[in-house]
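Results of the structural survey
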Amino acid sequence: MKSYKFLNSSPEIMDEITAIVKYFPMWSLLGWYDIKQKYRRSLIGPFWITISSGIMIGTIGLMFSKIFKSPVGEFLPYFAMGQIVWLLISQQLNDACTTFIQYQSVIKQISVPLSVHVFRKLWHNLILFLHNFLIVIIVLIFGGIGFTAELLYLIPAVILIVTLLFLLSVILGIVCTRFRDITQIVSVFLQLIYFFTPIFWMKKTLSSKYSWVTDFNPFFHMIELVRSPLLGVAPAAYHWIYILICITGAAVIAFFFMKRFQNRVPYWL
Amino acid sequence: MTYIKGENLTIHYPIFGSSSRSFKKTIIRAATGGRIASDARGINICAIDNISFSFTEGERIGLVGHNGAGKSTLLRALAGVYAPMGGKLEVKGKIASLLDFSLGMDSEFTGYENIFMRCVLMGIAKSEVYKHMDDIIEFSELGEYIKMPMRTYSSGMSLRLAFSICTTFPSDIILMDEWLSIGDADFSKKAEVRLLEFIKKSSILVLASHDPEQIRKICSRVVTMDHGHIVDDNKIN
């Protein structure tokens, strides 16, 4: 709530980035309170997320390893790591569509850059991801993978994925506030993507004729970037390149949308 | 130097029915080369129509006008929520937007937690909140209830807490939608004193109200709006 000047000007890119730093106390507290609110009066709180993902991963992992006739020791860790990354991606993109609509009471009362609201939601989902990460640690210990030096690749991988998710969320948030139908389209699309992405099936089982299904699928590259270090393998170079290209593309669109429509969003709510 | 200056300020809302907001309509519109554009473009409501004004330090502005005259839209524009569609608007100074006292507060949380939630939305640092915590709790007269979830509060208690928080941190510009009277007669008097004190510390107050009595008591200038225009602008003593 600073001084400002409206000369029909649109926000600058740098303002958006500094806003995230400047409003850190706001999005971090509110994102955390969103979780606290959801699990108020529950004994173990957000650890229900861990339990429900754990049960799902355990049962489906065992079942599919039998169906696909692959050894449990290989399939279960593969599925567990991929599934947990997927949960973050799909949850965040689904939530992104309704972020501004959900926080409209705030947006319509005080002037805060939109990226702060996006980050509040992203932070919320990252906290849930950290709860799920407990499963990853259990799998690392008992799955026979152990803690390898490759785990260090996780740091850049997670930073890249969070960046990409943030940019995509800005785009989806703006578009879905204007056109409410897109929210439904996104959720159907994400359900489909789940089946077309090697999460509960392995890329090597796909005949090379159909390898385009994964090659051009950004979600495959996103998941692979986080999954391989968890399985003790350094991610291949082309995953990094692909994700960097995606980030560049998403950044151009996100900043264009931000510049063009940031001021319009309160009117659409 | 605190001031608010509007020049040819214009704000119109697009009104989306369920029809024009749909993606289908936009696609069809693109595909049909704009033949049905008159339907799909939707309706615009001109809430603020080309107004110019200047509020300077020390002024207590009362915004009057019947429902839909554009008072609330103007307040939101001053709060920085609605960007001008035309003309320009300059606001210099720290703003306290009291359009909704209990913004961001949640009934599942304790009074204590709600103080932090409300304050973070006002852009107040945690250290500041701790410093004024006792004052907020004391004025709200909640006592031990501050540790209870807000759902256990009566509506008067919640409002008292929200009011205490909002009037603790002084600002240069105060925006208010309707004067507020809360609680029983005793508390109401106490609250009025605090609110007047809070306003005294600010340099500009913009208060939208339907109550001419209240406006006369507090304001030094009355701006009358009608259909998005300023129709009258008078200084009063």
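Scope of this entry: the structure provided in the associated data block. (Residues numbered from 1 in each chain as written. Chains lettered and ligands numbered in written order. Predicted model: local features only at pLDDT ≥ 70, side-chain atom pairs only at ≥ 80, totals over all residues. Heavy atoms only, no water.)

1. Some details on the overall build of chain A
Secondary structure assignment for chain A yields 12 helices and one strand. Along chain A, helices and strands appear, N-terminal first, in the series β-α-α-α-α-α-α-α-α-α-α-α-α. In terms of overall dimensions, chain A is globule-like: its C-alpha atoms have a radius of gyration of 20 Å, near the 18 Å expected for 269 residues. If one aligns the C-alpha atoms of chain A with their principal axes, the spans along those axes are about 65 × 50 × 35 Å. Buried residues in chain A amount to 53% of all 269 residues. Partitioning the intrachain contacts of chain A with sequence separation of at least 6 by distance along the chain shows that 74% fall at a separation of at least 24. Carbon and sulfur atoms make up 73% of the accessible area of chain A, which amounts to about 12,500 Å² in all. Counting 21 positive and 10 negative side-chain charges, chain A places the averaged centre of each group 8 Å from the other. (Helix = DSSP H or I, 4+ residues; strand = E, 2+ residues; numbered from the N terminus. Rg over C-alpha atoms; globule rule 2.2 N^0.38 Å. Buried < 20%, exposed > 50% of the residue type's maximum accessible area, 1.4 Å probe, protein only. Contact = heavy atoms within 4.5 Å. Areas by Shrake-Rupley, 256 points an atom, 1.4 Å probe, with all protein chains shown as cover. Lys, Arg positive; Asp, Glu negative; His and termini not counted. Charge placed at Lys NZ, Arg CZ, Asp CG, Glu CD.)

2. Some thoughts on the interface of chain B and chain A
Taken together, the contact between chain B and chain A spans 47 residues of the former and 35 residues of the latter. Buried area between chain B and chain A, summed over both chains or domains, comes out near 3,900 Å², and the portion from carbon and sulfur atoms is 59%. The interface formed by chain B and chain A includes three salt bridges. A salt bridge links lysine 36 of chain A to glutamate 113 of chain B, with the shortest nitrogen-to-oxygen separation between them at 2.7 Å. Joining chain B to chain A, the criterion identifies eight residue pairs in polar contact (both at pLDDT 80 or more). Sorting the residues of the side of chain B that touches chain A by element identifies strand 1 (3–15), helix 1 (23–31), helix 3 (71–78), strand 4 (86–92), strand 5 (95–98) and helix 4 (111–121) of chain B as the ones contributing at least two each. In terms of residue class, the side of chain B that touches chain A is made up of 24 nonpolar, 11 polar and 12 charged. (Buried area = accessible area lost by both parts, 1.4 Å probe. Salt bridge = Lys/Arg side-chain N within 4 Å of Asp/Glu carboxyl O. Polar contact = N/O pair within 3.5 Å; in protein donor to acceptor, adjacent residues only side chain to side chain. Nonpolar A, V, L, I, M, F, W, Y, C, P; charged D, E, K, R; others polar.)

3. Notes on the pairing of strand 9 (residues 229–235) of chain B
Residues and elements named next belong to chain B. As judged from the six bridges shared by strand 8 (residues 221–226) and strand 9, these two strands associate in the antiparallel manner. Residue pairing across strands places threonine 224 opposite aspartate 232, the latter belonging to strand 9. Remark: two residues form the turn of the hairpin made by strand 8 and strand 9, two consecutive strands paired antiparallel; histidine 227 in that turn has positive phi of roughly 50°. (Pairing = 2+ DSSP bridges.)

4. Structural notes on the sheet that holds strand 7 (residues 204–208) of chain B
All names here are of chain B. Overall, mixed pairing links the six strands, which are arranged 5-6-7-3-8-9 in an open sheet. Either end of the sheet is taken by a strand with one partner, and the two such strands are strand 5 and strand 9. Across the sheet, the mean angle from the axis of one strand to that of its neighbour is 15°, orientation sign disregarded. Relative to strand 7, strand 3 (residues 60–64) is paired through four bridges, and the arrangement is parallel. When the bridges of strand 7 are listed, isoleucine 61 appears paired with valine 206. (Axes fitted to C-alpha atoms, helices over the stretch in contact; angles between N-to-C directions.)

That is the geometry; function is a separate question.
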